[in-house]
Amino acid sequence: SASFLREIEKIPVIAKSNSTVLISGETGTGKELCARAIHHLSERSGFPFVPVNCGAIPVDLVENELFGHRKGAYTGAHESQDGLISEANGGTIFLDEIDCLPLSAQVKLLRFLNDKDYRQLGSTEVIRSDVRVIAASNIRLDLAVNENRFRRDLYYRLNVIPLSLPPLRERREDIPLLARHFLKKRAIEAGRDLDDFSIGAMRKLMLYDWPGNVRELENVIERAVVFAKGTSIDSADIALAESHEDDGMESFQNAKAKVVEQFERDYIRSLLLCHEGNISRASKTAGKNRRAFWELIRKYGIDVQGFRHHHQ
């Protein structure tokens, strides 16, 4: 899909630079895959790629994990330990779920990004490390900044090159492509002779909203390969988390109304943004009279004030 291509076409260009990258996207959209691609296409590809899930490290151990410690830095530190930043030297460190970093570690990371040096716990010695940082988050970091859960200065320092991966439900045309790719891969691994999906099975995949995105799709296909009875995947072989078993295709009218509503809402918001909340100019661009345009704004409960003097 165009929205996905737009983002992944940036990868070879991003790989040539050394700038920090912030990849945003829901869980399962392929953030680590993109980070690995950036690393492998860069001049750092001969050095380590170190993935770190910030959300999986206990809060009081984050700094220790990232920056390491000297012997005797705290009770139980019987020997020195290099951190992950040292391990990634020359290569790339991928900090997933960066929003989970405690504030103390955020300060230290910011200092490292600015100066490329750091101190281990219990040490006064400054260590330099040549590491490219790629961060990722499945929540909107700018909102975390506004809620004072994430440092504004660190957000700007990470967001030098933003990469945003769309959720699978916004690139539905890619579902058949991905589903067939995973089917081929999983069927070979399982030694099964499965070649395609029935129309009902594909329809079921296309109608589902995929909260777990591409990762969930791959898991669903893997499970279907295990349970498939025939030579193709049937609708009954596909088990979805919140399955709409009656699977009654939505009526044309309802489906169209939903799409139109979403379009109108997005279109009006973008016009108000362009014209800084000036309704006369926005309605003129839309080719609608002011009153009809105002009705649409009321219908969708859009706050015009929020668009005024947006540039300040």
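Cut-offs used in this document
- Residues numbered from 1 in each chain as written.
- Predicted model: local features only at pLDDT ≥ 70, side-chain atom pairs only at ≥ 80, totals over all residues.
- Heavy atoms only, no water.
- Phe/Tyr/Trp six-rings, centres within 6.5 Å; stacked < 30°, edge-to-face > 60°.
- Buried < 20%, exposed > 50% of the residue type's maximum accessible area, 1.4 Å probe, protein only.
- Helix = DSSP H or I, 4+ residues; strand = E, 2+ residues; numbered from the N terminus.
- Disulfide = S-S within 2.5 Å.
- Contact = heavy atoms within 4.5 Å.

Description of the packing of aromatic side chains
Consideration 1: Considering all chains together, one arrives at four aromatic pairs under this definition.
Consideration 2: Seen from their ring centres, Tyr155 and Tyr156 are 5.5 Å apart, and the 45° between their planes marks the pair as tilted.
Consideration 3: You can call Tyr155 buried: its relative accessible area is 14%.
Consideration 4: With centroids separated by 5.4 Å and ring planes inclined at 20°, the aromatic side chains of Phe263 and Tyr267 adopt a geometry described as stacked. Linking Phe263 with Tyr267, this pair stays in helix H12 (residues 252-274), spanning four residues, or about one helical turn.

What about the state of the cysteines?
Consideration 1: As enumerated under the stated definition, the model contains zero disulfides in all.
Consideration 2: With no disulfide of its own, Cys34 lies closest to Cys54 among cysteine sulfurs, the gap being 18 Å.
Consideration 3: Of the cysteine sulfurs around Cys54, a residue in no disulfide, the closest is that of Cys100, at 7.2 Å.

Looking at the side chain of Arg186
Consideration 1: With respect to the helices and strands, the residue Arg186 is situated in helix H9 (residues 175-190).
Consideration 2: Here Arg186 falls in the buried class, since its relative accessible area comes to 16%.
Consideration 3: Contacts of Arg186, omitting those with residues within four sequence positions, involve Glu218, Glu222 and Val225.

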